[in-house]
Amino acid sequence: MLQLKRSSIVNEAEAWEAIGVELPKFDFNQIAQNTIEKPQWVHFGAGNIFRGFVANAHQKLLNQGQAETGIIAAKTYDFEMIDRLNKPYDNLTLLVTMKANGSFEKTVINSIVDTIAADFNRKDEFNRLVEIFENPSLQMASFTITEKGYALTDPSGQFIGMIEKDFENGLDHPVHAMSIVTALVYRRYRKGQYPMTFVSMDNCSHNGDKLKAAILTIATEWVMRGHVEGGFLSYLEDENKITFPFTMIDKITPRPSEKVKEALLNQGISGMDIIVTPKNTYTAPFVNAEVSEYLVIEDKFTNGRPALENAGIIFTDRETVNKIETMKVTTCLNPLHTALAVSGCLLGYTLIADEMKDETLRKFVEIIGYDEGLKVVVDPEIISPKAFLDEVLNERFSNPYIPDTPQRIACDTSLKVGIRFGETIKSYVKRDDLNPADLKAIPLTIAMWCRYLLGMDDKGESFTLSPDPQLEVLQAALEGVALGDRTSNIKRILSNQAIFGVDLYEIGLGWKIESMFYEMLAGTGAVRCTLEKYVLGEKVR
C-alpha cells in the first residue's frame, strides 16, 4: 500500500504515477533549504481551500522553476492538527479534483515546507516565526482563517474577552490570531522596518480592510498602554512599507468525502482517514474539490511577490477586485448558495447537487440569478457575470461528485443575508426603473430563512440548525411559533437594519415576506407548496 509520505512519493514514484497521481517536479530539499534561509511566504490558516487551491498554484511555479522557496504554514487555532495531519504526512496534501463526469484528477501538493504553531506557549515554534518575520526576505503573509478570525468584537460591538486580555498583556502572551500577527509584525518593525504585504484570501467583502483594521486596532491599544512604540502605527499605515490588498477567492472545497476516501483506498493508498478534532475541525490528508477556481488579487505588494499570474491567479487593481467580489457575493454565487442552503434543510436534502435535480429549486435559483440579480449586477469586465452564473448553475452546483451540503452553507446566515440579498435590494431601491416590491425569489428566500429558524422541516419534524452567532436572538423573536400560526414577532427580524442593511418594511418588502412566511406555516408540505406557487406559478394545493 502506498502512503502519503515524502519517502514514498520519491521511492515509489512509478507506483503513484501508475494510478494516475501527478507528483511534484521540483527538488524539495533544495526548496526547503532556500525557504529556511530566505523565507518569502507565510500563510495563516492552511485549511482545505488553501491546501487544495493556493498551495497548488504555488506548486505550479515550483514545477516550472519560477519560484525558489516554498510556503510556511502557521496555525493559530486547533494546534492538534499539526500532530494529527501535518507532521504525519510530511505536510503533503493529496488534491482530488472531482469532475462532473465522475473522473478524479489526483495531485500530490508539496509546496508547504513546514507547519508551525503560532502559539506563544510553544516557545521554540513561536521564536521560529519571529525569526521568519525578522528576515528582510519575507514578502507576504496570507490568510484563510474565515471572516470570524478577524473579529475583535461581539455582536453588540464590545471587545471580546480574549482581545481585552491581549490588550493588557501586549507582546507577552498574544492569543487571538490578530494579536499574534500584530506581535510578529512588531518584531519586523523593530528589526528594520522592512516592507511586506498582508493578504487576506478569505471569502468576505473588503477582506484587506478587515485585516488592516484588526491589526491597527490592536497596535493602537498597545501603543496607548505603552507595550509598543508609537512609530509602529506609522509603519503599519505607510503603504510604501505595508499594504493590505483586496482579494476575491472562489473554489468549493467541502468537507472530505467518505466516497473519495474509499476510492483512494481501493487504488492502493492507505492512511486516508478523515480526521475530526475536539474543536470540530473536519479534515483529511486529501482535499476533494471542484474544478473551477478563481483568485483575484489587488496587485499592491511592497517587497515583491510570487509570479502567481503564471499559475492562473489574476492580479488587477482594487476597483476591479471589488467589482468581481461584489458580482460573486451579491449576484452570481453566494445568494444562490444561501437559497439552496435554507430550502435544502427544510426539504430534507443533504447534497447541493441533488437540489439542482429538483425542478422547482433549480428554477428558484435561476430566478434569483438571471431574472433578479443580473439586472443590477456589477460588471467587472474581465469576468463575464452571465458566463460566471452559467458555470455556477450548469457545472458547479450540479456536479454530483462534489459532496457539498446545504447544512454547511447554512452556517452564519445572519452574517451573510445583508450582503447576499441586501445589496441587490438596495440597488432596486436606488434605481428609478426598478421596484423592490416586484422581487419574488429574493423575498421568498428571506421568508424561507425565517421559516428555517424554527428548526422544523416541511414534514413538521425537528432538525439541528447550523451554527450562527445570532441564533439565540433570532430564535427568541420566533419563540412559540407553530404550524398554522398567522402571528409572530417576525417583524423584529425583518426590520433589523443590522441584519439586512435596510428596514425591509420601509422599502415595501416586509409585509410581502411576512405573507410568504405564514404561507409556509400553513401545515406540513406548505414550504414545497409555497415554493411552487411563487417559482412555478402553481396554486397552493
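In this text, all values refer to a predicted model and were calculated from it rather than measured experimentally.

Quick notes on the overall build of the protein
Within the protein, the secondary structure is distributed over 25 helices and 17 strands. In terms of C-alpha radius of gyration, the protein reaches 24 Å, essentially the compact-globule figure of 24 Å for 541 residues. In terms of overall dimensions, the protein has C-alpha extents of about 70 × 60 × 45 Å along its principal axes. For the protein, the proportion of its 541 residues judged to be buried stands at 57%. Restricting to contacts in the protein with at least 6 residues of sequence separation, those with at least 24 account for 75%. In the form shown here, the protein has an accessible surface area of approximately 21900 Å², with 46% of it arising from carbon and sulfur atoms.

Digging into the pairing of strand E9 (residues 196-200)
Burial analysis of E9 places five of its five residues in the buried class, the great majority of the element. The alternating pattern of E9 places Met196, Phe198 and Ser200 on one face and Thr197 and Val199 on the opposite face, and all of these are buried. In the sheet, strand E8 (residues 140-143) pairs with E9 via four bridges, with the strands oriented parallel. Bridged to serine 142 within E9 is valine 199. One ladder, built from two bridges, connects E9 with strand E10 (residues 242-243); its direction is parallel. Pairing of threonine 197 across the sheet is with threonine 243, part of E10.

A few points about the packing of aromatic side chains
For the structure shown, the criterion picks out 17 aromatic pairs. Judged by centre distance (6.2 Å) and plane angle (85°), the rings of tryptophan 41 and phenylalanine 50 are edge-to-face. For the pair formed by tryptophan 41 and phenylalanine 50, the shared burial category is buried. Pairing phenylalanine 44 with phenylalanine 133 gives two aromatic rings, centres 6.4 Å apart and planes at 50°, and the pair type is tilted. Of the two residues, phenylalanine 44 is situated in strand E3 (residues 41-44) and phenylalanine 133 in helix H6 (residues 123-134); the sequence distance between them amounts to 89 residues. Neither phenylalanine 44 nor phenylalanine 133 differs from the other in exposure class; each is buried. Among the aromatic residues, ring-to-ring pairing joins Tyr186, Tyr189, Phe232 and Tyr235 into one connected group. For the cation-ring pair, arginine 255 lies above tyrosine 282, with the distance from its terminal atom to the ring centre recorded as 3.7 Å. The residue whose ring lies beneath arginine 318 is phenylalanine 246, and the NZ or CZ to ring-centre distance is 3.7 Å.

Rules behind the numbers
Residues numbered from 1 in each chain as written. Predicted model: local features only at pLDDT ≥ 70, side-chain atom pairs only at ≥ 80, totals over all residues. Heavy atoms only, no water. Helix = DSSP H or I, 4+ residues; strand = E, 2+ residues; numbered from the N terminus. Rg over C-alpha atoms; globule rule 2.2 N^0.38 Å. Buried < 20%, exposed > 50% of the residue type's maximum accessible area, 1.4 Å probe, protein only. Contact = heavy atoms within 4.5 Å. Areas by Shrake-Rupley, 256 points an atom, 1.4 Å probe, with all protein chains shown as cover. Pairing = 2+ DSSP bridges. Phe/Tyr/Trp six-rings, centres within 6.5 Å; stacked < 30°, edge-to-face > 60°. Lys NZ or Arg CZ within 6 Å of the ring centre and 35° of its normal.

None of the figures reported here should be taken as evidence of function without further support.
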